[in-house]
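Structure at a glance
The primary structure of each chain is shown beneath.
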Amino acid sequence: MTCDYIQLANSGIQQLKPYEPGKPIDELERELGVSDIVKLASNENPLGASHKALHALKHMHELHLYPDGATFSLKAALAEKLNVASNQLTLGNGSNDVLDLIARAYLQEGDEAIFSEYAFAVYPIVTLACNARPVQVPSNLFGHDLAAMAEAVTERTRVIFVANPNNPTGTWFNAHALDEFLSRIPERVIVVLDEAYFEYVEESHYPNGIDRLGQYPNLIVTRTFSKIYGLAGLRVGYGVSSPQIADVLNRVRQPFNVNTPAQVAAEAALQDDDHLENSRSENTSGLVQIAEGLQALHLEQIPSVANFIAFDCGQPAMPVYEGLLREGVIVRPLGGYGMPNHLRVTIGTSPENERFLLALKKVLKDLADG
């Protein structure tokens, strides 16, 4: 081969490495021959999908037809649930897809996109894919320094990505901080408020971004059915914005980007309040269980309001991660986020959390004993 096809790509893409998801269960089985595996790596709902969603999927008989490209029924259900208009919604193949739509619609070569240190890996990916310049602002105690992010805005800034709560750290900011930040951002700059873990948060001063859309026309709120709704395998997320911004995003959205099973299951899941409450309750108790377990092991952790906890192993994290794999427990190393001593563990069921804590205790002892 005489042609270098990497060099033919735009310069932003040349700087990228493929996104690395959490290790799948079957991959660990193949690699190490381990069975009875607990996966706590990808912030999935340990209770699974709602029974209403599963029931709706069982009664599907039209898979030979294309999906509703306008996602009319799901949009109507979402609009009613969120108290917004249908023309404010953009549906995506997961909220990642919506983030990509935003970047493709509003970023080009010479533009800048701002995001925080230790923020979601997709923000720099979609920025560089558009050959725009990523501007990473140093964090404040692993969370967003909103004041510094506002100060970082220049004439070239087109998009700012903020996550509340933040992945992978679980940190959050309150309503006052969000409002002060939004008031400082020029209307010409699109602010993306990523609320993928919105439904898990129980803090009284945690803000609802959708309530601010009327005041800030440059705001886009993104959410997902992959987390608390337990539909990660179907890939469906959405953005809520002004009708004009939604119109722009829908111009670049691929036809049929949300498949029929995803639309059907998501609409049914919206009606299952019991499943949502049970998932939130399980997560709240699990956060306490794992936090107390890490404290007993004298491991420093980042306080989280999401469905995961990031913690400092007090040493390079990869040997701990690999030891956990041998024990049949999959978590997420955070070296790719610039946190080489940290691991992120998803909140599971109580028995899964206990399994993780026992495995972690054993691995740390084995490493200490040499």
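Because the structure is predicted, anything quoted here is derived from the model rather than measured.

**Notes on the overall build of the protein chain**
The number of helices and strands found in the protein chain is 14 helices and 13 strands. The C-alpha atoms of the protein chain give 21 Å as radius of gyration, which agrees with the globular expectation for 370 residues (21 Å, within 12%). Seen along its three principal axes, the alpha-carbon backbone of the protein chain occupies a region of about 60 × 60 × 50 Å. The buried share among the 370 residues of the protein chain stands at 52%. Across the protein chain, every contact between residues at least 6 apart in sequence was considered, and the portion connecting residues at least 24 apart equals 75%. Accessible surface, the protein chain as shown: approximately 17200 Å² in total, 51% of it carbon and sulfur. Computed over 28 positive and 45 negative side-chain charges, the separation of the two mean positions in the protein chain equals 3 Å.

**Things to note about the packing of aromatic side chains**
Here the structure, examined in full by the defined rule, presents ten aromatic pairs. Here Tyr 66 and Phe 256 contribute two aromatic rings whose centre-to-centre distance is 4.8 Å and whose plane-to-plane angle is 20 degrees, an arrangement assigned as stacked. Here Phe 256 lies in the loop between helix 10 (243–252) and helix 11 (260–270) and Tyr 66 lies in the loop between helix 4 (51–58) and helix 5 (72–82), a separation of 190 residues in the sequence. The class of Tyr 66 is exposed, set by a relative accessible area of 69%. Exposure remark for Phe 256: the relative accessible area of 38% places this residue in the partly exposed category. Through pairs of rings, three or more aromatic residues link up here, namely Phe 120, Tyr 123 and Phe 161. Here the basic side chain of Arg 223 rests over the ring of Phe 198, its NZ or CZ set 3.7 Å away from the ring centre.

**Regarding the pattern of salt bridges**
For the coordinates displayed, the defined rule picks out 16 salt bridges. Across the salt bridge formed by Arg 104 and Asp 100, the nearest N and O atoms sit 3.1 Å from each other. Pair noted here: Arg 104 and Asp 100 are both in helix 6 (residues 95–106), with a separation of four residues, about one helical turn. Exposure remark for Arg 104: the relative accessible area of 37% places this residue in the partly exposed category. Looking at Asp 100, the relative accessible area reads 23%, which means it is partly exposed. Between Glu 155 and Arg 188 there is a salt bridge, with its nearest N and O atoms 3.9 Å apart.

**Regarding the sheet that holds strand 9 (residues 301–302)**
Pairing within the open sheet is antiparallel, and its four strands lie in the order 9-10-13-12. Each end of this open sheet is capped by a strand with a single partner; those strands are strand 9 and strand 12 (332–333). The strands that helix 12 (residues 273–296) touches are strand 9, strand 10 (308–312) and strand 13 (342–346); relative to strand 10, the one it contacts most, it runs at about 10 degrees.

**Some thoughts on the sheet that holds strand 8 (residues 237–240)**
Across the sheet, seven strands lie side by side as 2-8-7-6-5-3-4; this open sheet has mixed pairing. Each edge of the open sheet is held by one strand with a lone partner, namely strand 2 (89–92) and strand 4 (133–137). Within this sheet the neighbouring strands show an average axis-to-axis angle of 20 degrees, counted without direction. Note that strand 3 (residues 112–116) and strand 4 share five bridges and pair parallel. Within the sheet, the bridge partner assigned to Glu 112 lies in strand 4 and is Arg 133. Across the face of the sheet, helix 6 comes into contact with strand 2, strand 5 (157–163), strand 6 (190–194), strand 7 (219–224) and strand 8 while running at roughly 155 degrees to strand 7.

**Concerning the nonpolar core**
With 51 residues, the main nonpolar core has Leu 78, Leu 89, Ile 160, Val 162, Phe 181 and Phe 225 as its most contacted residues. Not counting residues within four places of it along the chain, the set of residues in contact with Val 162 comprises Tyr 123, His 144, Leu 146, Met 149, Phe 173, Phe 181, Val 191, Val 192, Leu 193 and Asp 194. If you look at the next biggest cluster of nonpolar residues, it comprises 30 residues, including Val 38, Phe 311, Tyr 321 and Leu 324.

**Some points on the pairing of strand 3**
With respect to burial, strand 3 is a largely interior element, five of its five residues being buried. Across the two faces of strand 3 the burial is the same, with Glu 112, Ile 114 and Ser 116 and Ala 113 and Phe 115 all buried. For the crossover that starts at strand 3, traverses helix 7 (residues 122–129) and ends in the parallel strand 4, the hand is right-handed. As paired elements, strand 3 and strand 5 share three bridges and run parallel to each other. By the bridge assignment for strand 5, Ile 114 is matched with Ile 160.

**So, the environment of Val 98**
Turning to its location among the elements, Val 98 is positioned in helix 6. With relative accessibility at 0%, the residue Val 98 sits in the buried group. Counting along the chain gives 58 residues from Val 98 to Arg 156, while the straight-line C-alpha distance between them is 22 Å. Excluding its chain neighbours within four sequence positions, the residues that come into contact with Val 98 are Thr 90, Leu 91, Gly 92, Thr 222, Gly 237, Tyr 238 and Gly 239.

**Brief notes about the domain arrangement of the protein chain**
With domains assigned, the protein chain is organised as domain 1 (21–48 + 274–369) and domain 2 (52–271). Relative to domain 2, the C-alpha centre of domain 1 lies at a distance of 26 Å. Across the boundary between the two partners, domain 1 contributes 25 residues, which contact 24 residues of domain 2. Across the domain 1 to domain 2 interface the summed buried area is about 2000 Å²; carbon plus sulfur atoms make up 63%. Looking at the side of domain 1 facing domain 2, the largest losses of area belong to Arg 280, Val 305 and Tyr 337, adding up to 33% of the total buried there. Where domain 1 meets domain 2, there are zero salt bridges. Put simply, the parts of the chain that give the side of domain 1 that touches domain 2 at least two residues each are helix 12, strand 10 and strand 13. Counting residues per element, the side of domain 1 that touches domain 2 draws most heavily on helix 12, which supplies six residues.

What counts, and where the lines are drawn
- Residues numbered from 1 in each chain as written.
- Predicted model: local features only at pLDDT ≥ 70, side-chain atom pairs only at ≥ 80, totals over all residues.
- Heavy atoms only, no water.
- Helix = DSSP H or I, 4+ residues; strand = E, 2+ residues; numbered from the N terminus.
- Rg over C-alpha atoms; globule rule 2.2 N^0.38 Å.
- Buried < 20%, exposed > 50% of the residue type's maximum accessible area, 1.4 Å probe, protein only.
- Contact = heavy atoms within 4.5 Å.
- Areas by Shrake-Rupley, 256 points an atom, 1.4 Å probe, with all protein chains shown as cover.
- Lys, Arg positive; Asp, Glu negative; His and termini not counted.
- Charge placed at Lys NZ, Arg CZ, Asp CG, Glu CD.
- Phe/Tyr/Trp six-rings, centres within 6.5 Å; stacked < 30°, edge-to-face > 60°.
- Lys NZ or Arg CZ within 6 Å of the ring centre and 35° of its normal.
- Salt bridge = Lys/Arg side-chain N within 4 Å of Asp/Glu carboxyl O.
- Pairing = 2+ DSSP bridges.
- Axes fitted to C-alpha atoms, helices over the stretch in contact; angles between N-to-C directions.
- Core = buried A, V, L, I, M, F, W, Y, C linked by side-chain atoms within 4.5 Å.
- Right-handed = clockwise from strand over helix to strand, strands pointing away.
- Domains from an automatic or database assignment.
- Buried area = accessible area lost by both parts, 1.4 Å probe.

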